[in-house]
Amino acid sequence: MGTQENEQTGVTGRRMLLGAAVLGAGGAVFGLSGTAGAAETRHGGGGGVKSLPKPTIIGHRGASGYRPEHTLGSYQLALDLGADVVEAGDLVPTKDGHLVCRHEPEIGGTTDVADHPEFADRKRTKLLDGVSTTGWFTEDFTLAELKTLRAIERIPANRPHNTLYDGRWEIPTFEEVLRWQDEQTRGRGKQVWIYPELKHPTYFRKQGLALEERVAKVLHKHGKDRRNSPVILQSFEPTSIQRLNKLVDNPLVVLLSGVTSRPWDFVETGDPRTVADLIKPAGLREIASYAQGIGPTLDLVIPKDANGNLTTPTTLVNDAHKVGLILHPWTMRNENPFLPANFRKGTDADAYGDVFGAYRTYFATGIDGVFTDNPDTGVLAREDFVNS
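As a starting point, this report considers the structure included with it.

**Examining the overall build of the protein**
Okay, so step 1: If you tally the helices and strands in the protein, you get 14 helices and 13 strands.
Okay, so step 2: Expressed as a percentage of its 388 residues, the buried residues of the protein come to 58%.
Okay, so step 3: Long-range contacts, defined here as pairs at least 24 residues apart, represent 68% of the contacts in the protein between residues at least 6 apart.
Okay, so step 4: Counting only carbon and sulfur atoms, one obtains 52% of the accessible surface of the protein, whose full area is about 15,300 Å².

**Focus on the sheet that holds strand β1 (residues 56–59)**
Within a sheet, neighbouring strands are paired by backbone hydrogen bonds and run either parallel or antiparallel to one another.
Okay, so step 1: Read from one edge to the other, the open sheet built from four strands follows the order β7-β2-β1-β13, with strand pairing classed as parallel. Looking at strand neighbours, the two that pair on one side only are β7 (193–194) and β13 (369–372), the edges of this open sheet.
Okay, so step 2: Summarising the sheet, β1 and strand β2 (residues 85–86) pair through two bridges and their orientation is parallel. If you follow Gly59 over to β2, its bridge partner there is Val86.
Okay, so step 3: On the sheet, helix α14 (residues 375–387) packs against β1 and β13 and is oriented at approximately 175° with respect to β1.

**Brief notes about helix α10 (residues 281–288)**
Okay, so step 1: Listed as buried for α10 are Gly283, Leu284 and Ile287. All buried residues of α10 project into a common sector of 100° when viewed along the axis, lining one side.
Okay, so step 2: Taken together, the buried residues of α10 touch β10 (252–256), α9 (275–278), β11 (293–296) and α12 (316–322).

Rules used in this analysis
- Residues numbered from 1 in each chain as written.
- Predicted model: local features only at pLDDT ≥ 70, side-chain atom pairs only at ≥ 80, totals over all residues.
- Heavy atoms only, no water.
- Helix = DSSP H or I, 4+ residues; strand = E, 2+ residues; numbered from the N terminus.
- Buried < 20%, exposed > 50% of the residue type's maximum accessible area, 1.4 Å probe, protein only.
- Contact = heavy atoms within 4.5 Å.
- Areas by Shrake-Rupley, 256 points an atom, 1.4 Å probe, with all protein chains shown as cover.
- Pairing = 2+ DSSP bridges.
- Axes fitted to C-alpha atoms, helices over the stretch in contact; angles between N-to-C directions.
- Arc of directions from axis to C-beta.

So this is what it looks like as structure tokens:
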């Protein structure tokens, strides 16, 4: 595993930074001195996605281990904690066609919508990618209505400390995120990268709210639809990425879930292939014809046994690299329930396990980066790994 950066911000500096960020000093300019550096322009990503430090630390929905996910507060903290890229935006549409950042179109678990009596009659049960889902959905609200809501912690049982920030931030739009990206790039003196995901493209296309064209239009408006633009686009639906490949020149990534699962666009069109087929050499070659990377679940890199312990790595990293694809698996979290069983400590749902040991094991497979809810932990784990 080679490294593409020279770490100069020491452990002590990062601890100071974490303390400052927790206390609210969100404007501190602490950057990694890596390849994604000073040569980058406002709209360009320098040498493109492959020039990012490796392993790349990607703030999953921001710094969602410390703040309610998909808020500007979470995104800001991810940068303060050293993330190379911020997953700023799981993109879903509003009733009036705007793109907003929510993990899912159902917002009952991530906003205070249930506390708004004026929206009680908006509660619905819908079939979302074949799953009956009850709640409130972004496509039933105008942007103005969504802006009256505030974000809350999605998994309070695991992250009770995050509930301190419930109600502090509103739902950001994609355009607000792009403007925030420019402001942060100017303020920090280095290019800030983002990694939006298009959520449930087939579901929304059938409602007349197609995502790909909307995303392409916004990126073009902001001059961020180019090959080296610092915006990586991702989706679980391969046909969505194929459609984006015809609309924009951004780096594109196909997300891959469990080995036996089928992308929902495949289900809708009768394509019988599963993820197991997509990660075979032939499937990876096909993906490489229209995308630059894959985002597999960590279990596709190292499977677990029946007890939840890691076993032997698969050939996925090597197979993907052979056809020129980068790999950004998901998701590293510090808490016990989200770690392989052999890296857990104790039984508390919100207690941290041996996450550094888990990082070390995954990094050793040769992955190009990883999504993490705790970017500071990821940065320190990378420092340990590249200096070992």
